[in-house]
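A closer look at the structure
One letter stands for each residue in the lines below.
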Amino acid sequence: QVQLVESGGGLVQPGGSLRLSCAASGFTFSNYAMTWYRQAPGKARDMVARITSAGDSTTYADSVKGRFTISRDDAKNTVYLQMNSLKPEDTAVYYCNAAGPPLGYTRRQNNYWGQGTQVTVSS
């Protein structure tokens, strides 16, 4: 019953802004690091932004530094990606991922994926 549901994608002009949301359910959200990935047609799925489970550290791809901001609201079980100064190169399907803590002697981690939301940046 684990679910990650992305929303907020759409068509926007270059220089515009969008805020993506990923609503989580079925697991203890506050224990999971959250990451936004994106994938353009014919290209690999790349990490965009990551936030630790505690929300005390973030990581960004060089291509989005200074333009995108990841945040989380544990009370709402939701992670956000604020995207400003959008460029055509940002066009992709955006996915959220949840990565849990290492478990047991094997240090296995649960990993969950959403279905993605389309972002198109075009004039």
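A few points on the structure. These numbers come from a predicted model, not from an experiment.

Here we take up the state of the cysteines. Applying the stated rule across the entire model yields one disulfide. Residue pairing for cysteine 22: its cysteine sulfur links by disulfide to cysteine 96, the two sulfurs lying 1.9 Å apart. What sets the handedness of the cysteine 22 and cysteine 96 disulfide is the S-S torsion sign, and at about 40° it is right-handed. Pair noted here: cysteine 22 is in strand E3 (residues 18-25) and cysteine 96 is in strand E9 (residues 92-99), with a separation of 74 residues, a long-range link.

Before going further, it helps to examine the side chain of arginine 67. By the element assignment, arginine 67 lies in the loop between strand E6 (58-60) and strand E7 (68-73). Residues in contact with arginine 67, not counting those within four places in the same chain, are Gln82, Met83, Asn84, Ser85, Leu86, Lys87 and Asp90.

Direction of pairing for strand E1 (residues 3-7) relative to E3: antiparallel, over a ladder of five bridges. Pairing of leucine 4 across the sheet is with alanine 24, part of E3. Here E3 runs beside strand E8 (residues 78-83); their pairing, made up of six bridges, is antiparallel. Across the sheet, residue alanine 23 finds its bridge partner in E8, namely threonine 78.

It is worth spelling out the environment of valine 64 at this point. As for its placement among the helices and strands, valine 64 is situated in the loop between E6 and E7. Sequence separation between valine 64 and valine 48 is 16 residues, and the spatial gap between their C-alpha atoms is 7.2 Å. The contact partners of valine 64, leaving out residues within four places of it in the chain, are Arg38 and Val48.

What follows is about the packing of aromatic side chains. Scanning the model with the defined rule gives four aromatic pairs in all. Aromatic side chains tyrosine 32 and tyrosine 112 sit 5.9 Å apart centroid to centroid with 25° between the ring planes, which places their arrangement in the stacked category. Placement of tyrosine 32 in the loop between E3 and strand E4 (33-39) and of tyrosine 112 in strand E10 (residues 111-113) is noted, with a sequence separation of 80 residues between them. Ring pairs connect the aromatic residues Phe27, Tyr32 and Tyr112, which therefore count as one cluster. Above the face of the tyrosine 95 ring, arginine 45 is positioned so that its terminal group lies 3.7 Å from the ring centre. The ring of phenylalanine 29 has arginine 72 sitting right over it, with the charged end atom 4.5 Å from the ring centre.

Phi at asparagine 77 takes a positive value of approximately 50°, unusual for a residue other than glycine. Within the secondary structure, asparagine 77 is located in the loop between E7 and E8. For asparagine 77, a relative accessible area of 26% translates into the label partly exposed. Here the phi dihedral of serine 85 falls at roughly 50°; this positive angle occurs in a residue that is not glycine. In this structure, serine 85 sits in the loop between E8 and E9.

As a further point, take the pattern of salt bridges. When the charged atoms of two side chains with opposite charge come close together, those side chains can pair. Tallying each qualifying case throughout the model produces four salt bridges. Across the pair aspartate 90 and arginine 38 runs a salt bridge, and its minimum N-O distance is 2.9 Å. Placement of aspartate 90 in the loop between E8 and E9 and of arginine 38 in strand E4 is noted, with a sequence separation of 52 residues between them. The salt bridge partner of aspartate 62 is lysine 65, with a shortest N-O separation of 3.0 Å. A relative accessible area of 65% places aspartate 62 in the exposed class. Because the salt bridges share partners, they merge into one network encompassing Arg38, Arg67 and Asp90.

Cut-off values and rules
Residues numbered from 1 in each chain as written. Predicted model: local features only at pLDDT ≥ 70, side-chain atom pairs only at ≥ 80, totals over all residues. Heavy atoms only, no water. Disulfide = S-S within 2.5 Å. Helix = DSSP H or I, 4+ residues; strand = E, 2+ residues; numbered from the N terminus. Contact = heavy atoms within 4.5 Å. Pairing = 2+ DSSP bridges. Phe/Tyr/Trp six-rings, centres within 6.5 Å; stacked < 30°, edge-to-face > 60°. Lys NZ or Arg CZ within 6 Å of the ring centre and 35° of its normal. Buried < 20%, exposed > 50% of the residue type's maximum accessible area, 1.4 Å probe, protein only. Salt bridge = Lys/Arg side-chain N within 4 Å of Asp/Glu carboxyl O.

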